[in-house]
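Tertiary structure, described
Below are the chains, spelled out letter by letter.
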Amino acid sequence: MVAMSSPELFTTDLITPHGIVFDDDEILYVAEISKGRIQQIRPDGKSSLYMNVGGKPSGLIIDDSSDMFLADSGRHNLLLISPEEGIEVLAHQSKGKRFVGPQCMYFAPTGELFFTDAGHSGAAGLSGSIYSVDLNGDVALLAGELGAPVGLAISEDAGNLFVAEGSTNSIVSFALNDEGELENKETFLQFEDGRGPSYMIFDTEGILYVGRRGIGITLVDPDGKIIAEIPLPGPEPRGMTFGGLEFDELYIAEAQTGAIYRMPTQNPGQRPFVGPRSI
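For the structure given in this document, a descriptive report is provided here. Model, not experiment: these values are computed from the prediction.

Per the stated rule, a full pass over the model turns up eleven aromatic pairs. Between tyrosine 209 and phenylalanine 242, the ring centres sit 5.7 Å apart and the planes meet at 90 degrees, which makes this aromatic pair edge-to-face. In this pair, tyrosine 209 is assigned in strand E21 (residues 208–212) and phenylalanine 242 in strand E24 (residues 237–243), connecting sequence segments 33 residues apart. Classification of phenylalanine 242 as buried rests on a relative accessible area of 1%. The rings of Phe10, Phe22 and Tyr251 are connected pair by pair, giving a single aromatic cluster. The lysine or arginine in question, arginine 212, covers the ring of phenylalanine 191, its NZ or CZ lying 3.9 Å from the ring centre. Of note, arginine 271 hangs over the ring of phenylalanine 247, and the distance from its end group to the ring centre comes to 4.0 Å.

If you want it as C-alpha cells, here you go:
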C-alpha cells in the first residue's frame, strides 16, 4: 500500500455537497443537491451563495470559456450556465427518451460533454446509460445497460473511458475510438466491500482516485490494483477535483458531514480536456 497524507478540513456547513469544480480564479463551486443551489468557496474557505437553480444539482463542470454545465438529477436536465446568457436547458432527452438521473460529466477529447445517467433506482436489470452532448444540445447514446453509473473519467492518452457502477460495486472500462464511440466494455475492478463507487478522477501517473461509499477514497493503479485506502470523517464521498498552484491538492466533497476536505497528492492531477468551444 502507498502511504498518503490524511485529508484535512477545508470548509464545512454545506448541505449534501456533491459535484465540485474550480474556476480560473481558484473559486470552488459546490452543488448542494438537497438544497437546489450552488455555493462558491473562496481560497480562504469562506462560502457564499452563487445561485439557486432548483432541482437536485449533482455534477458540475466548467469549460475554458467560463461556462458552467450542471447535471440536475431532480428535473432530469443538463443545464448551461453562462455569465452572459444566464441559465438554459442544454438537453433533457435522447430520441424522445427523457433523462432519468444525470450525475457526472467529463469533457471528451473531441469536445463533446460525456455524462452518466444513473437510470431508475431499484429497477430490475441495468437501466443506466452514458450520453454525449454538444453545444447545440444534440445528444447521442454511447452505452446503455449499466448498473447505476455515477463517476466517469478518461485516461490521459484518451484511449479509455472508465465508469463507476454503483449498483454492481465495480469500475468498468470502454475503449474510446477516434469518432468518440465506446467499444469493448470490460470490468476493470470489482470491489468486495463498500456500498458502491461514486466520483472518480485521474492523476498524471494514471492513478485513479475513486470515491467509495462507506470506505473513503481508494487509489487504483493502471493495472486495476488497489494501492491505497484513505478514510474520511464521513461515509459519503461525492465530488472530487484537483486544485492548488501545482494542481497537486485533491478536494473531496463528503455529503454526510457537509464538508470539503483537502489533501496533498504525490502526483499532480490530470488536466481536463479542453471544453467544446476550443474544438
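So, next bit.
This part takes up the sheet that holds strand E16 (residues 149–154). Pairing within the open sheet is antiparallel, and its four strands lie in the order E16-E17-E18-E19. Edge positions in the sheet fall to E16 and strand E19 (182–190), since each has one partner strand and no second. Between one strand axis and the next, the sheet turns by 25 degrees as a mean value, whatever way the strands run. Bridging between strand E17 (residues 160–165) and strand E18 (residues 170–176) involves six bridges; their strand directions are antiparallel. Paired with glutamate 165 across the strands is serine 170, a residue of E18.

Tracing the backbone shows threonine 116 in strand E13 (residues 113–117). In this structure threonine 116 comes out as buried when scored by relative accessible area, which is 0%. Polar side-chain contacts of threonine 116 include one of 2.6 Å to the backbone oxygen of valine 150. With sequence-adjacent residues up to four places away left out, threonine 116 is seen in contact with Gly101, Pro102, Gln103, Cys104, Ser129, Ile130, Pro149, Val150, Gly151, Leu152 and Val163.

Quick notes on the rules
Residues numbered from 1 in each chain as written. Predicted model: local features only at pLDDT ≥ 70, side-chain atom pairs only at ≥ 80, totals over all residues. Heavy atoms only, no water. Phe/Tyr/Trp six-rings, centres within 6.5 Å; stacked < 30°, edge-to-face > 60°. Helix = DSSP H or I, 4+ residues; strand = E, 2+ residues; numbered from the N terminus. Buried < 20%, exposed > 50% of the residue type's maximum accessible area, 1.4 Å probe, protein only. Lys NZ or Arg CZ within 6 Å of the ring centre and 35° of its normal. Pairing = 2+ DSSP bridges. Axes fitted to C-alpha atoms, helices over the stretch in contact; angles between N-to-C directions. Polar contact = N/O pair within 3.5 Å; in protein donor to acceptor, adjacent residues only side chain to side chain. Contact = heavy atoms within 4.5 Å.

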